[in-house]
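Geometric and topological summary
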Amino acid sequence: MTESGGRVGAVTAAVARQVRELRAARGWSFEELAGRSGVSKGMLVQIEGARTNPSIGTLCRVADAFGVSMARLLEPAEESTVRITPADQAPVLWRGAHGGVARLLSGLGEPDLVELWDWRMRPGEALHSPDHAHGTREILHVLDGAVTVTVDGVDHRVDTGETVEFHADREHGYRTAGDEPVRLMMVVVTPSGEWDRRTRSRGPRPS
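Here's a quick rundown of the structure. (Residues numbered from 1 in each chain as written. Predicted model: local features only at pLDDT ≥ 70, side-chain atom pairs only at ≥ 80, totals over all residues. Heavy atoms only, no water.)

1. Digging into the sheet that holds strand 3 (residues 113-121)
Spatial strand order, 1-2-3-10-5-8: six strands in an open sheet with antiparallel pairing. What marks the edges here is a single partner per strand, and that holds for strand 1 (92-95) and strand 8 (163-167). Each neighbouring strand pair of the sheet contributes to a mean axis angle of 20°, computed without reference to strand direction. In terms of strand pairing, strand 5 (residues 137-144) meets strand 8 through five bridges, oriented antiparallel. (Pairing = 2+ DSSP bridges. Helix = DSSP H or I, 4+ residues; strand = E, 2+ residues; numbered from the N terminus. Axes fitted to C-alpha atoms, helices over the stretch in contact; angles between N-to-C directions.)

2. Some thoughts on the pairing of strand 3
As defined by bridge partners, strand 2 (residues 101-108) adjoins strand 3 across seven bridges and the pair is classed as antiparallel. Looking at the pairing, Arg103 lines up with Asp118 of strand 3. Count of turn residues in the strand 2/strand 3 antiparallel hairpin: four residues. Strand direction decides the pairing type here: strand 3 and strand 10 (residues 182-190), joined by nine bridges, are antiparallel. Bridge pairing links Trp117 to Met186 in strand 10.

3. Topic: the pairing of strand 2
Two strands pair when backbone bridges link them, and strand 1 and strand 2 are joined in this way by three bridges, in the antiparallel orientation. Looking at strand 2, one finds that Val92 is bridged to Arg103. From the end of strand 1 to the start of strand 2, which pair antiparallel, there are five residues, and Gly99 there has a positive phi angle of about 110°.

4. Some details on the packing of aromatic side chains
Enumeration over the complete set of coordinates arrives at four aromatic pairs. Here the aromatic residues Trp94, Trp117, Trp119 and Tyr174 are joined through ring pairs into a cluster of three or more. A cation over an aromatic ring shows up here: Arg23 above the ring of Phe30, its NZ or CZ 3.8 Å from the ring centre. It is Arg26 that lies over the ring of Trp28; its NZ or CZ is 5.7 Å from the centre. (Phe/Tyr/Trp six-rings, centres within 6.5 Å; stacked < 30°, edge-to-face > 60°. Lys NZ or Arg CZ within 6 Å of the ring centre and 35° of its normal.)

5. As for the packing of helix 2 (residues 30-37) against helix 3 (residues 41-48)
Between helix 2 and helix 3, whose axes approach to 9 Å, the crossing angle comes to 115°. One element, helix 2, and the other, helix 3, form an angle in the roughly perpendicular class. Our pair here, helix 2 against helix 3, has a crossing hand that is right-handed. Facing helix 2, whose interface residues are Phe30, Glu31, Leu33 and Ala34, helix 3 presents Lys41, Leu44, Val45 and Glu48. Residues belonging to the contact of helix 2 with helix 3 are distributed by class as follows: five nonpolar, no polar and three charged. (Parallel < 35°, antiparallel > 145°, perpendicular 65-115°, else oblique. Left-handed = near helix turned anticlockwise from the far one by under 90°. Contact = heavy atoms within 4.5 Å. Nonpolar A, V, L, I, M, F, W, Y, C, P; charged D, E, K, R; others polar.)

6. A look at unusual backbone geometry
One non-glycine residue with positive phi stands out, namely Asp152, at about 55°. Secondary-structure assignment places Asp152 in the loop between strand 6 (147-151) and strand 7 (154-158). Unlike most non-glycine residues, Arg200 shows phi in positive territory, near 55°. By the element assignment, Arg200 lies in the loop between strand 11 (194-196) and strand 12 (201-203).

Laid out in structure tokens, this is it:
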């Protein structure tokens, strides 16, 4: 197995363990988690069995259902007071068609859920995202290039050095806006609590 393959395997194993433990702690069946997250039972079985590398959209829905950050789903078994993650060890959760990547650099779970992302997109690449849990907001700061952010079907061009903030609890997406590569930093903030997509309601996380 290559070094890259090893990291992917470690991420898959961490997600499997975390999802299994979080579901067991709540006493949820696969059917209950599927209903709350909008992810199929079959996919959840695959995730817990470490037999698939779930997409960024799938991870987001599962994390929302549990009321945790995506970073929590990627945590290794050991815990530490201080954690330093080398740049090349931050998990890649999105790959573009032309070589772009998005790395989840870090995430916090209290009091709200906060995630820090490093996005690098090549010309012609794009990502469409469904709605996140109610109250979720995103902040994007463009370091290089220009990106078009689409929220509720409306396009907003964001150039180098500019920052955009928007409500992400509705359909949205990002795409490169020119012929230059794009690099941007993203912060995602989600109110704490378990999100149930069936009822569009939020409940407290177990203490």
